[in-house]
Amino acid sequence: MNALNCVGDDVRRLSVRTTGVGFGLQINCERFRVRPFIHAFMYSFRRGVMQLRRSIAGFGVAVGVALGLGTLDACVQASSFSIVHDFSVGATNGGGYYYVKHPIEGSDHRLYGTTSAGGSYSNGTVFRLERDGSGYTALHSFLGQPTDGASPEAGVIEGSDGKLYGTTISGGAANRGTIFRLNLNGSGYEVVHHFSLNPSDGNSPRAALLEGSDGRLYGTTYGGGTNGQGTVFALNKHGSGFVVIRSLLASTDDAGYPEGPLIEGNDGALYGASTSGGILNSGALFRLQKDGTYAVLRLYSNGASEGTLPRDALLEGADGRLYGTTRGGGTSNAGTVFRIAKNGSAYTVLHHFAGGVADGRTPDAALVEGRDGLLYSSTISGGAFDAGTLYRVSKDGSHFELLHHFTASGDTGYHPNEGLVAAHDGALYGSAPGGHGVRDPKHEFGFIFRLGHQLGFLWNGSQAHLVATGIAGYTYAIQHSSDLAAWATLETVVMPEGGQFEKDYSVPQGNMGFFRLRVP
């Protein structure tokens, strides 16, 4: 009999009922919560029948099967890419949708993010979601001008006080955007700053905030300031002390119109990127001390060799160097991944995107460093269906590979332009718009996806054949327990290229037990 498959985190419990002769097959697709950071199987022998059941004590099970006479192959095996949440579900009853912004993992290990539309007033939402896709909650629906913001263009951050902070590009008293905060449960929402048209203020923030090591919030605006071409600002978390640290100017020797967030380096300085500025208006990288001391690190001028239009946040790697992407330029004018020292020296292109079926095109998202030391992100287009990709690249550029090709139908998202978040469970989470087969902005509700690990099971009549799927290069532990209390590591596996590991394990009859896969 062929294998039974449950794909992704939409996990079902399967039961098989035997008849007197041969098999009578009954499949009950009963959905239950699965914690994606751990996948477990419980088995037991009763009267010579092996049973796989749902585990207890909070551990998620991928599949449960009861086996009777004869032999039945029962298997769960999934790609390490899976959909966590589809925003078309509930989009018409108060849920958010459309351009789902970069999710973060909160201190409670839930996912938090924003949508630019939807909600009770069609102005977007702040949402919360369990990592297994359950528990979707719209924490706040933006009301819009004049008392509230509207249409957030960036995700949220969690401050050191445990509150969520974010920006909206419009709404507020002057309809030029806001800074807001709220508690993780959605209570205590308030606008702490209304942007205006005053030259001493910025307006239209498109980027997420940063909490500095001094406890203050820092961010950028796309417009406003004394030059009308964007600012870098700071304020206290309750809204006082707002100040423009720098008014930018898109000139031959400066940056302007910043769209991406700032980062703080281990030297305490702020670093950012802009798609405007430089001799050819091809973008710039800059450094800003909190006291306003400013320096341009790089002005882009040679697109073919270095890329053009750096937009999103830079990343400070574990090696102390800065990494980022450019939307254009490179040898195929399809964008680049680059590295640069914090003093502006040693600029190096790690990868020139080429597009086509074998490569991505137009990276428009920040990089994240995985546990394997590689850099992960997405491209808007390119790949097998020219609908975008997920990729990873080494810090020296010697290794590059595509991890996922988004499909043209949009049923699992397409054209991703947001970065990934590395969660504590070892998986990577991200967002992408999607069309459910209809390429119409009105229907691009969006998805939250997961690039992580799954555990598959195949009973071959005498042994448990486990199929572990994960991220190549990551280290995983395959563990066994007889009581869900004490776990023994059968072996530690570095996931091979291709992202799949298979092995047979003996199952002692007469006992009850569990398997699980986890990131140590």
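The structure presented is a predicted model; accordingly, all values stated were derived computationally and were not measured.

What counts and how
- Residues numbered from 1 in each chain as written.
- Predicted model: local features only at pLDDT ≥ 70, side-chain atom pairs only at ≥ 80, totals over all residues.
- Heavy atoms only, no water.
- Pairing = 2+ DSSP bridges.
- Helix = DSSP H or I, 4+ residues; strand = E, 2+ residues; numbered from the N terminus.
- Salt bridge = Lys/Arg side-chain N within 4 Å of Asp/Glu carboxyl O.
- Buried < 20%, exposed > 50% of the residue type's maximum accessible area, 1.4 Å probe, protein only.
- Phe/Tyr/Trp six-rings, centres within 6.5 Å; stacked < 30°, edge-to-face > 60°.
- Lys NZ or Arg CZ within 6 Å of the ring centre and 35° of its normal.

Q: Let's hear about the sheet that holds strand β13 (residues 164-168): which residues, and what values?
A: If you trace the four strands from one edge of the open sheet to the other, you get β12-β13-β15-β16, paired in antiparallel fashion. Edge positions in the open sheet fall to β12 (157-158) and β16 (190-194), since each of these has one partner strand only.

Q: For the pattern of salt bridges, give the residues involved together with the corresponding values.
A: Counted by the stated rule, this structure contains 19 salt bridges. For R206, the salt bridge identified is with E259, shortest N-O distance 3.3 Å. Placement of the pair is R206 in the loop between β17 (202-203) and β18 (210-211) and E259 in the loop between β23 (255-256) and β24 (263-264), with a sequence separation of 53 residues. Here R206 falls in the partly exposed class, since its relative accessible area comes to 27%. On the basis of relative accessibility, which here comes to 14%, the residue E259 falls in the buried class. A salt bridge links E401 to R392; the nearest nitrogen and oxygen atoms lie 2.6 Å apart. Owing to a relative accessible area of 1%, R392 belongs among the buried residues under this scheme. Each of R206, E259, R311, D312, R327 and D364 takes part in one network of salt bridges that share partners.

Q: Describe the packing of aromatic side chains, naming the residues involved and giving the relevant values.
A: Given two aromatic rings, one states the distance between the centres and the angle between the planes to describe the pair. The tally for this structure, following the rule as stated, stands at 22 aromatic pairs. Aromatic pair F142 and Y189: ring centres 6.2 Å apart, planes at 75°, arrangement edge-to-face. Of the two residues, F142 sits in the loop between β10 (137-141) and β11 (149-150) while Y189 sits in the loop between β15 (178-182) and β16, which places them 47 residues apart along the sequence. Using a relative accessible area of 0% as the deciding quantity, one classes F142 as buried. Grouping aromatic residues by their ring pairs yields a cluster made of F81, F406 and F449. Sitting over the face of the ring of Y294, R246 holds its NZ or CZ atom 3.8 Å from the ring centroid. The lysine or arginine in question, R298, covers the ring of Y347, its NZ or CZ lying 4.1 Å from the ring centre.

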